[in-house]
Amino acid sequence: MANKNDHQLMKVTLTILVVMLVVDVSKGEFQRFQPSTKADGSITAFVIGDWGRKGEYNQSLLAHQMGITAEKKNIDFIISTGDNFYPGGLRDENDEAFYQSFSDIYTSPALNKMWYTVLGNHDYRGDAMAQLSPTLKARDNRWFCLKSFILNTDIVELFFIDTTPMQDKYFTDPEDQIYDWRGVLPRDKYLSNLLQDLDEALRESRATWKIVVGHHTIKSASIHGNTQELEQKVLPILESNKVDLYINGHDHCMQQISSSNR
Ligand SMILES: *[C@@H]1O[C@H](CO)[C@@H](O)[C@H](O)[C@H]1NC(C)=O
């Protein structure tokens with residue numbers, strides 16, 4: 001009898017474990033990672049976006065200059081705001097573009113640092129899951145790409161968010177593009193989890209500096225302009241949690257936009 005009870009108890013324990021795992025996944029809280037910093041806790045990082053061009057469009061020239069500056073500045077890591085591979089992301093995990101646009105381009109020793117990366121709208125036009133695959137990390141251990149995640153240091157916390165699913169037009173008017181929405185549907189649930197997780201993580205953060213990183217613009221004076229969906233859904237979260245800086249790509253130019261609201 002004792003054995004049978006033990007057996008049943010084990011079954012109950014296993015069931016609880018499985019349920020907990022399922023609940024945990026559907027809640028979708030951001031995973032946290034610790035980047036390397038300088039001994040005093042400070043960080044120096046590069047931000048790049050909209051870049052994977054197989055060396056063309058001056059990508060190779062810029063990569064060379066990045067190497068020179070990265071060495072002078074002794075950077076700790078690189079942030080990519082997405083659109084990592086043009087024009088349509090990676091075809092699959094074996095797409096040579098990973099080498100042609102990344103590994104074989106950023107060859108300077110000073111760029112041999114972690115590349116913390118999110119996806120842009122162009123990445124979603126290919127196999128979006130391929131960029132998240134551990135296979136790529138095994139091929140080039142600098143590569144780090146997730147849809148949303150947090151980088152934790154004592155001084156600064158960086159919140160990387162997946163902004164492509166936020167913009168309505170990719171769903172309502174995709175033109176002739178096919179987007180890889182695996183892991184994103186149902187969209188309403190994905191977005192409400194994402195925004196809630198962002199809000200909670202920001203609220204709990206005790207870091208001196210809170211920085212949010214995404215692909216799409218919130219405000220922009222360039223061709224894409226403001227992204228209404230982000231103005232409506234993301235900006236209020238950033239403001240109520242006193243975020244210091246939002247970093248994005250998408251518009252191919254340099255802008256610094258500040259606000260007098262704070
Ligand atoms: C490369 O940079 C040069 C010099 O800034 C510029 O004139 C040229 O248009 C660029 N080429 C491309 C393909 O963007």
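Residues numbered from 1 in each chain as written. Predicted model: local features only at pLDDT ≥ 70, side-chain atom pairs only at ≥ 80, totals over all residues. Heavy atoms only, no water.

The protein carries the name acid phosphatase in an unreviewed UniProt entry, which gives Salvia splendens as its organism. Word for word, the UniProt comment on the protein under Sequence similarities (unreviewed entry) is "Belongs to the metallophosphoesterase superfamily. Purple acid phosphatase family." (UniProt positions renumbered as here; feature names shortened; annotations may be inferred.)

Q: Teacher, can you tell me more about the overall build of the protein here?
A: What the protein contains, in helices and strands, is nine helices and nine strands. Burial status across the protein gives 46% buried among its 262 residues. Counting contacts in the protein only where the partners sit at least 6 residues apart, residues at least 24 apart contribute 80% of the total. Carbon together with sulfur atoms contributes 54% to the accessible area of the protein, which is approximately 14,500 Å² in total. (Helix = DSSP H or I, 4+ residues; strand = E, 2+ residues; numbered from the N terminus. Buried < 20%, exposed > 50% of the residue type's maximum accessible area, 1.4 Å probe, protein only. Contact = heavy atoms within 4.5 Å. Areas by Shrake-Rupley, 256 points an atom, 1.4 Å probe, with all protein chains shown as cover.)

Q: Whenever I open this one, the sheet that holds strand β8 (residues 209-213) confuses me. Can you help?
A: In a beta sheet, neighbouring strands pair by backbone hydrogen bonds and run either parallel or antiparallel. In spatial order, the strands read β1-β6-β7-β8-β9; together these five strands make up an open sheet with mixed pairing. Strands at the two margins of the open sheet, each flanked by one partner only, are β1 (31-33) and β9 (245-247). Between one strand axis and the next, the sheet turns through 20 degrees on average, direction left out of account. Inspection of the sheet shows strand β6 (residues 149-152) paired to strand β7 (residues 156-160) by four bridges, in the antiparallel sense. Each bridged residue has a counterpart across the sheet, and for Leu151 the counterpart in β7 is Leu158. (Pairing = 2+ DSSP bridges. Axes fitted to C-alpha atoms, helices over the stretch in contact; angles between N-to-C directions.)

Q: Please explain the packing of aromatic side chains as it appears in this structure.
A: Here a ring pair, both rings aromatic, is described through the centre-centre distance and the interplanar angle of the planes. Taken as a whole and judged by the stated rule, the model has 25 aromatic pairs. With centroids separated by 5.0 Å and ring planes inclined at 80 degrees, the aromatic side chains of Phe102 and Trp115 adopt a geometry described as edge-to-face. Taken together, the positions of Phe102 in helix α3 (residues 97-103) and Trp115 in strand β4 (residues 114-117) put the pair 13 residues apart, joining distant regions of the chain. Each member of the pair, Phe102 together with Trp115, is buried. Of note, Arg142 hangs over the ring of Phe102, and the distance from its end group to the ring centre comes to 4.7 Å. (Phe/Tyr/Trp six-rings, centres within 6.5 Å; stacked < 30°, edge-to-face > 60°. Lys NZ or Arg CZ within 6 Å of the ring centre and 35° of its normal.)

Q: I'm lost on the pattern of salt bridges in this one. Help?
A: Per the stated rule, a full pass over the model turns up ten salt bridges. Lys38 is the partner of Asp76 in a salt bridge, and the nearest nitrogen-oxygen pair spans 2.7 Å. Residue Asp76 is located in the loop between α2 (59-73) and β3 (77-80), and its partner Lys38 is located in the loop between β1 and β2 (45-48); the two are separated by 38 residues in the primary sequence. Classification of Asp76 by relative accessible area gives buried; the value is 10%. Close ionic contact of Asp180 with Arg182 constitutes a salt bridge, the shortest N to O distance being 2.8 Å. Here Arg182 falls in the partly exposed class, since its relative accessible area comes to 45%. (Salt bridge = Lys/Arg side-chain N within 4 Å of Asp/Glu carboxyl O.)

Q: Sorry if this is basic, but what is going on with the side chain of Gln59 here?
A: Checked against the element boundaries, Gln59 lands in helix α2. With residues up to four places along the chain from it excluded, the contact list for Gln59 reads Trp51, Gly52, Arg53, Lys54, Ser101, Ile105 and Tyr106.

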